Amino acid sequence: MARKSKTVDLDRENDIAPGLVAKTKKRLVVAGGRSHPALSAEVAEAIGTELVPTEYRTFASGEILTRFEVSIRGCDFFLIQSFGPPVNEWLMETLIMLDAAKRASAKRITVVAPYYPYSRQDKKSRGREPISARLVADLLKTAGADRIMSVDLHAAQIQGFFDGPVDHLFAKPVLLEYFERTLTGDDRAKLTVVSPDTGRVRVADTWSDSLGAPLAIIHKRRDPNVANVVTVNEIVGEVDGRVCLLVDDMIDTGGTIVKAAEALKKSGAERVIVAATHAIFSDPAAERLQSEAIDEVVVTDTVPIPPGKRFASLTVLPIAPLLARAIHEVFEDGSVTSMFDGAA
């Protein structure tokens, strides 16, 4: 049975065109790709709904097909897809799901990408290089995305690559709550926040303010011609006898973090704790992070961490509550910025 609609007559005086007013309500719909099904399910549960039943197929040739098994016409559609390995497969699946949602007449489509793919390729370091982070934004837009939501972008400038709203969330409240709960009074008295390189100083500085701890900076050099090779040069700041909290946005192979931790221990640090948002953990990260120089590693589950890459000193914090709250704010036309005291 069709919905009853109210007829509106032409009203030139108030500049109102004739037409029909349907008594429809906004509808929030959440779908998830195959990259991190556990996270998608947790976000949907935290919102108070279920994931859209979706058919996924990968053919013998490697081609991907997705189909939503129920109508999503006119809905506010949120697609959750993280981009751990294999990143290119998940990126292609995302584009195909976006095209399916667009052709299914979703009213507004938001890509929830806890970890943004190709985020480290945000500028040209040498001639004839791509800016792949911009390319990803263009692909998402062309495929049908109206909005992007992500956590701790590697570079804030990526927000400007997408022609539409970008909600840049921060995992700091999740991580900070853990440390405020677990650090002892003695630890807090000796705490120093450490930036692993000059590029993360601004983030480390906000941690320093929040924890009331001094800041130290590690100066490093990276060979532009050799991937994942770092040389630590010097430490700026007092770390002797201190509990050092190394903060970063991601851990890939672990080379940067381990070298930084070793440098801190050589300079007299009592303990070294690592805090990062994205646990990419490309081999041999799991083995490296079990170094004697690192006492604890704390990350969030923005990307899936398989059992084989977990270890005794690793703590994984859930990011789903943060994502669920942000999705709710967007759906209700609320304020995402208010979640981070105006910093987002």
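Keep in mind that this is a model prediction, so the values were computed, not measured. (Residues numbered from 1 in each chain as written. Predicted model: local features only at pLDDT ≥ 70, side-chain atom pairs only at ≥ 80, totals over all residues. Heavy atoms only, no water.)

**Student:** Mind showing me how you'd approach the packing of helix H4 (residues 172-182) against helix H6 (residues 201-211) here?
**Tutor:** Describing two packed helices takes the angle between their axes plus the distance from one axis to the other. Contact geometry of H4 with H6 gives a least axis separation of 12 Å together with a crossing angle of 40 degrees. As judged from the angle between their axes, H4 and H6 are oblique. Between H4 and H6 lies a crossing whose hand is right-handed. Across the interface between the two elements, Lys172, Leu175, Leu176, Phe179 and Glu180 from H4 touch Thr206, Trp207, Ser210 and Leu211 from H6. A breakdown of the residues in the contact of H4 with H6 according to their chemical character gives five nonpolar, two polar and two charged. (Axes fitted to C-alpha atoms, helices over the stretch in contact; angles between N-to-C directions. Helix = DSSP H or I, 4+ residues; strand = E, 2+ residues; numbered from the N terminus. Parallel < 35°, antiparallel > 145°, perpendicular 65-115°, else oblique. Left-handed = near helix turned anticlockwise from the far one by under 90°. Contact = heavy atoms within 4.5 Å. Nonpolar A, V, L, I, M, F, W, Y, C, P; charged D, E, K, R; others polar.)

**Student:** How should I be thinking about the side chain of Thr315 in this particular structure?
**Tutor:** Here Thr315 shows up in strand S16 (residues 314-317). Side-chain polar atoms of Thr315 contact the side chain of Glu296, separated by 3.3 Å. Contact partners of Thr315, with chain neighbours within four places excluded, come to Tyr178, Glu296, Val297, Val298 and Val299. (Polar contact = N/O pair within 3.5 Å; in protein donor to acceptor, adjacent residues only side chain to side chain.)

**Student:** Help me understand the pattern of salt bridges, please; the structure alone is not making it clear to me.
**Tutor:** Between side chains of opposite charge, a pair can form when the charged atoms approach closely. Under the defined criterion, the tally for this structure stands at 19 salt bridges. A salt bridge links Arg34 to Glu93; the shortest N-O distance between them is 2.5 Å. In this pair, Arg34 sits in the loop between strand S3 (28-32) and helix H1 (37-47) while Glu93 sits in helix H2 (residues 87-103), placing the two residues 59 residues apart along the sequence. One salt bridge connects Asp167 with Arg147, and the closest N-O pair in it is separated by 2.6 Å. Here the residue Asp167 occupies a position in strand S9 (residues 166-169), and Arg147 occupies one in strand S8 (residues 147-151), the gap between them amounting to 20 residues. The same class applies to Asp167 as to Arg147, namely buried. Residues joined in a network through salt bridges with shared partners are Asp99, Lys102 and Arg103. (Salt bridge = Lys/Arg side-chain N within 4 Å of Asp/Glu carboxyl O. Buried < 20%, exposed > 50% of the residue type's maximum accessible area, 1.4 Å probe, protein only.)

**Student:** Quick question: what am I supposed to make of unusual backbone geometry here?
**Tutor:** Working note: non-glycine residues mostly have negative phi, and peptide bonds are mostly trans. Cis geometry is adopted by the peptide bond preceding Pro86, which originates at Pro85 and carries an omega value of 0 degrees. Going from Asp283 to Pro284, the amide bond is cis rather than trans, its omega being 5 degrees. Mapped onto the fold, Pro284 is located in the loop between strand S14 (271-279) and helix H8 (285-288). One non-glycine residue, Phe281, adopts positive backbone phi at about 55 degrees. By the element assignment, Phe281 lies in the loop between S14 and H8. Even without glycine at this site, Asp333 takes up a positive phi of about 55 degrees.

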